[in-house]
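Geometric and topological summary
Here is how the chains run, residue by residue.
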Amino acid sequence: MEIEEIKNMWKKQTTESTAPGKGKNSDILDVIYSMEKKTKRKYIIATTAMALELSFFLYLIIYSGIFRGLSLAGAVLIILAIIFGGVSIWSTNILFKKDDLINPGKIFLKEIIEKLQRRRFLRIYVIPVYLVMIAFGLSMIFSEHLAEASLFLKILAYSASYLYMLIIYIITARKEIRKEKNEIEPIRKKITALIMQMESD
C-alpha cells in the first residue's frame, strides 16, 4: 500500500478548500483508488504464484503417484492452505464503483475502514495459520518420504523449510505491524472522523 500518498493527501486536505461537487471526499477516493490499483497488482502476483503451486501439487497427486497415505494427506493440506490464502487476501479487496468515485458516501468510507481492519487481521492472524498449515503439510510429506533418509538429510530438509517460512514471516510481519501502528491506524482514525463529520452535517 502506498502510505506516503495517503499521508500527503491528508496534509493537502488541511490546506485546500473544498470545491462544489468534488472536494475532500473525491480527493480521498482518488488516492485510495490509485493505492488499490497497486495493491491489486500485488494480489495478482501472489495469486499467480499460489495457482502455480496449486497446479504443481495437483499434478503430483493425480499423475506422479508419489503421494500415498500420510504424504497424500499432507499434500491435500497444503492445497487447502493455498486456497485459504488466496481467498483470504482477495476478501480484503476494495471494490470501486463509478458512483463511489463521483459521489463517495459514508457507507463506502465505512467499507474502506472494514477492509483495512480485515487486512490487519489477515497480517496478524490469518498468515500465521496459513504458514502453520503449510508446515504441517510438509511435515506429513517429509515423515513418509524421508523415512529411510539419514538423520542429517532429515534435519536439513526440516530446518531449511521451516527456517525459510519463519524468516519470511518475521521480516514481513514486523514491517507490516510497524506500518499498521505508525501509519495506517492514524489514517483510519482520520477517515472515521470524516464519517462522523458527514453524519453530523
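Let me begin by describing the structure that accompanies this report.

Helix-helix packing: each pair is described by the crossing angle between the helix axes and the interaxial distance. Two numbers describe how helix α3 (residues 70-90) lies on helix α5 (residues 106-145): the axes approach to 7 Å, and their chain directions differ by 160 degrees. Relative to α5, the element α3 lies roughly antiparallel. The handedness of the crossing between α3 and α5 comes out as left-handed. Within the contact of α3 with α5, the residues separate by chemical class into 20 nonpolar, seven polar and one charged.

Okay, the nonpolar core next. Ranked by size, the top nonpolar core spans 19 residues in total, and within it Phe57, Phe67, Ile78, Ile134, Leu138 and Ile141 carry the most contacts. Listed by contribution, the elements that provide at least two residues to this core are α2 (23-64), α3, α5 and α6 (151-200). The element that contributes the greatest number of residues to this core is α5, accounting for seven residues. Apart from residues no more than four positions distant in its own chain, Phe57 is found in contact with Phe67, Ala75, Ile78, Ile79 and Ile141. Judged by nonpolar contacts, the second largest core, of 13 residues, contains Phe108, Ile113, Ile187 and Ile195.

Glancing now at α3. For α3, spanning 21 residues, the distance from its first C-alpha to its last is 31 Å, which sits close to the expected 30 Å at 1.5 Å a residue. Along α3, the positions that sit buried rather than exposed are Ser71, Gly74, Ala75, Ile78, Ile79, Ala81, Ile82, Gly85, Gly86, Ser88 and Ile89.

Right, let's talk about a nonpolar patch on the surface for a bit. On the surface, Leu72, Val76, Leu80, Ile83 and Val87 cluster together into a nonpolar patch covering about 400 Å² of accessible area. Following the sequence through the fold, Ile83 ends up in helix α3. Classification of Ile83 as partly exposed rests on a relative accessible area of 43%.

On to α5. For α5, with 40 residues, the first-to-last C-alpha span of 56 Å sits near the 58 Å given by 1.5 Å per residue. At Leu122, α5 shows its largest kink, close to 45 degrees.

Before going further, it helps to examine the layout of surface pockets. Looking at the largest pocket, its volume works out to about 1,300 Å³. If you go around the largest pocket, you meet 37 residues; those closest to its centre are Ala46, Met50, Ile89, Ile127 and Thr172. For the lining of the largest pocket, the elements supplying multiple residues, two or more each, are α2, α3, α5 and α6. Per-element tally for the lining of the largest pocket: the top contributor is α6, with 11 residues. Taken together, the residues of the lining of the largest pocket break down into 25 nonpolar, five polar and seven charged.

What follows deals with the pattern of salt bridges. Here the structure, examined in full by the defined rule, presents two salt bridges. One salt bridge connects Glu114 with Arg118, and the closest N-O pair in it is separated by 2.8 Å. Remark: Arg118 and Glu114 occur in helix α5; sequence separation between them is four residues, near one turn of the helix.

Cut-offs applied
Residues numbered from 1 in each chain as written. Predicted model: local features only at pLDDT ≥ 70, side-chain atom pairs only at ≥ 80, totals over all residues. Heavy atoms only, no water. Axes fitted to C-alpha atoms, helices over the stretch in contact; angles between N-to-C directions. Helix = DSSP H or I, 4+ residues; strand = E, 2+ residues; numbered from the N terminus. Parallel < 35°, antiparallel > 145°, perpendicular 65-115°, else oblique. Left-handed = near helix turned anticlockwise from the far one by under 90°. Nonpolar A, V, L, I, M, F, W, Y, C, P; charged D, E, K, R; others polar. Core = buried A, V, L, I, M, F, W, Y, C linked by side-chain atoms within 4.5 Å. Buried < 20%, exposed > 50% of the residue type's maximum accessible area, 1.4 Å probe, protein only. Contact = heavy atoms within 4.5 Å. Expected span 1.5 Å × (residues − 1). Patch = residues over 30% accessible without salt bridge, like charges linked within 9 Å, V, L, I, M, F, W, Y side chains within 5 Å. Areas by Shrake-Rupley, 256 points an atom, 1.4 Å probe, with all protein chains shown as cover. Salt bridge = Lys/Arg side-chain N within 4 Å of Asp/Glu carboxyl O. Bend = angle between axes of the 7 residues up to and from the residue. 1 Å grid on protein atoms, 1.4 Å probe; cavity = no way out; pocket = protein on both sides within 12 Å on 5 of 7 lines; lining within 4 Å. Points joined across faces, edges and corners; volume = space filled by probe spheres on them.

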